[in-house]
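# Fold and geometry: a report
Take a look at the letters that make up each chain.
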Amino acid sequence: MGGSLRVAVLGAPGVGKTAIIRQFLFGDYPERHRPTDGPRLYRPAVLLDGAVYDLSIRDGDVAGPGPSPGGVEEWPDPKDWSLQDTDAFVLVYDICSPDSFDYVKALRQRIAETRPAGAPEAPILVVGNKRDRQRLRFGPRRALAALVRRGWRCGYLECSAKYNWHVLRLFRELLSCALVRSRPAHPALRLQGALHPARCIIM
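Residues numbered from 1 in each chain as written. Predicted model: local features only at pLDDT ≥ 70, side-chain atom pairs only at ≥ 80, totals over all residues. Heavy atoms only, no water.

Within an unreviewed UniProt entry, the label attached to the chain reads small monomeric GTPase, and the organism entered is Sciurus carolinensis. Checking UniProt for the chain, the heading Sequence similarities (unreviewed entry) contains the comment "Belongs to the small GTPase superfamily. Ras family." (UniProt positions renumbered as here; feature names shortened; annotations may be inferred.)

In structure tokens:
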């Protein structure tokens, strides 16, 4: 048995968080968007490099900033949406929506601010969804990837939940990085690069 990992999939409403999770777990895609009604928790078992891991994948829009009547963003108490005890984060934005990218930027900052002092660093993978709408994207992929990787020090990947493109890869890389960071003997191995050979299978 490999152990357990807690993963939070966060982002603005409508960016495809639930669609990504459902493609990963069930191989299906809802053609009609339905807003997620509150946070949901999925508990799959995953086979990664020969070891079985129990995952807790949290999905929901409640984890982000919300506009107050005065126009100032307000955040729920971080303890209510479990930022402090999450092992890895997937921050999803829509490659056609600059506002959803700004939302992810704010989420990433909030995660950094709420991690307890001395707590191990939780890997963050920023995911640009809706790659199938490439012609409508708001910015070049290389520039966004460089900003996220070098400026934010997070992993970056683009996917299409609709066509199940790179969905498995994003979870494989995230989980591999979370496991690497839990092993002090390998501090230099980073999210991007050396993780592609890992095999990840839903059980």
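## Here we look at helix α3 (residues 141-151)
Turning to α3, its buried residues are Leu144, Ala145 and Val148. Buried residues along α3 cover an arc of 100° about the axis, so they all sit on one side. In α3, the exposed positions angled more than 90 degrees off the buried face are occupied by Arg142 and Arg150. Looking one or two places after α3, you find Arg153, whose phi comes out positive at around 60°. (Buried < 20%, exposed > 50% of the residue type's maximum accessible area, 1.4 Å probe, protein only. Helix = DSSP H or I, 4+ residues; strand = E, 2+ residues; numbered from the N terminus. Arc of directions from axis to C-beta.)

## A few points about the pattern of salt bridges
Evaluation of the coordinates by the stated rule reveals seven salt bridges. In this structure, Lys130 engages Asp94 in a salt bridge whose closest nitrogen and oxygen atoms are separated by 3.3 Å. Of this pair, Lys130 sits in the loop between β8 (124-129) and α3 while Asp94 sits in strand β7 (residues 88-94); the two residues are 36 residues apart in sequence, bridging distant segments of the chain. According to the relative accessible area criterion, Asp94 is buried, its value standing at 8%. Linking Glu158 and Arg131 is a salt bridge whose minimum nitrogen-to-oxygen distance equals 3.2 Å. Within this pair, whereas Glu158 is found in strand β9 (residues 155-158), its partner Arg131 is found in the loop between β8 and α3, the two being separated by 27 residues in sequence. (Salt bridge = Lys/Arg side-chain N within 4 Å of Asp/Glu carboxyl O.)

## Considerations on the side chain of Thr86
Along the chain, the position of Thr86 falls in the loop between β6 (73-74) and β7. Once residues within four sequence positions are removed from consideration, Thr86 is found in contact with Arg6, Val7, Ala8, Arg115 and Ala122. (Contact = heavy atoms within 4.5 Å.)

## Quick look at the pairing of strand β4 (residues 51-59)
Looking down a regular strand, the side chains alternate between one sheet face and the other. Of the strand pairs in this sheet, strand β1 (residues 3-11) and β4 are connected by seven bridges, and their pairing is parallel. Paired with Ser4 across the strands is Asp54, a residue of β4. Examined bridge by bridge, strand β2 (residues 40-42) and β4 share three bridges and lie antiparallel to one another. Bridge pairing in β4 places Leu41 opposite Arg58. What sits between the antiparallel neighbours strand β3 (residues 45-48) and β4 is a turn of two residues, in which Asp49 has the positive phi angle 55°. (Pairing = 2+ DSSP bridges.)

## Quick word on helix α2 (residues 98-114)
Note that an α-helix has 3.6 residues per turn; residues three or four places apart therefore point the same way. In this model, α2 (17 residues) spans 25 Å end to end at C-alpha, consistent with the 24 Å of a helix rising 1.5 Å per residue. For α2, the elements touching its buried residues are β1, β7, β8 and α3. (Expected span 1.5 Å × (residues − 1).)

## As for a positive patch on the surface
On the surface, a cluster of positive charge is made up of Arg141, Arg142, Arg149 and Arg150. One can find Arg141 in helix α3. (Patch = residues over 30% accessible without salt bridge, like charges linked within 9 Å, V, L, I, M, F, W, Y side chains within 5 Å. Areas by Shrake-Rupley, 256 points an atom, 1.4 Å probe, with all protein chains shown as cover. Lys, Arg positive; Asp, Glu negative; His and termini not counted. Charge placed at Lys NZ, Arg CZ, Asp CG, Glu CD.)

## Details of the packing of aromatic side chains
For the structure on display, the rule yields six aromatic pairs. With centroids separated by 6.5 Å and ring planes inclined at 35°, the aromatic side chains of Tyr93 and Tyr156 adopt a geometry described as tilted. Of this pair, Tyr93 sits in strand β7 while Tyr156 sits in strand β9, and the two are 63 residues apart along the sequence. For Tyr93, a relative accessible area of 0% puts it in the buried group. Exposure remark for Tyr156: the relative accessible area of 3% places this residue in the buried category. Plain terms: the ring middles of Phe101 and Trp152 are 5.2 Å apart, the flat faces sit at 25° to each other, and that makes the pair stacked. In this pair, Phe101 is assigned in helix α2 and Trp152 in the loop between α3 and β9, connecting sequence segments 51 residues apart. Given a relative accessible area of 6%, Phe101 falls into the buried group. With a relative accessible area of 7%, Trp152 lands in the buried category. A connected cluster of aromatic rings, assembled from ring pairs, spans Tyr93, Phe101, Phe138, Trp152 and Tyr156. (Phe/Tyr/Trp six-rings, centres within 6.5 Å; stacked < 30°, edge-to-face > 60°.)

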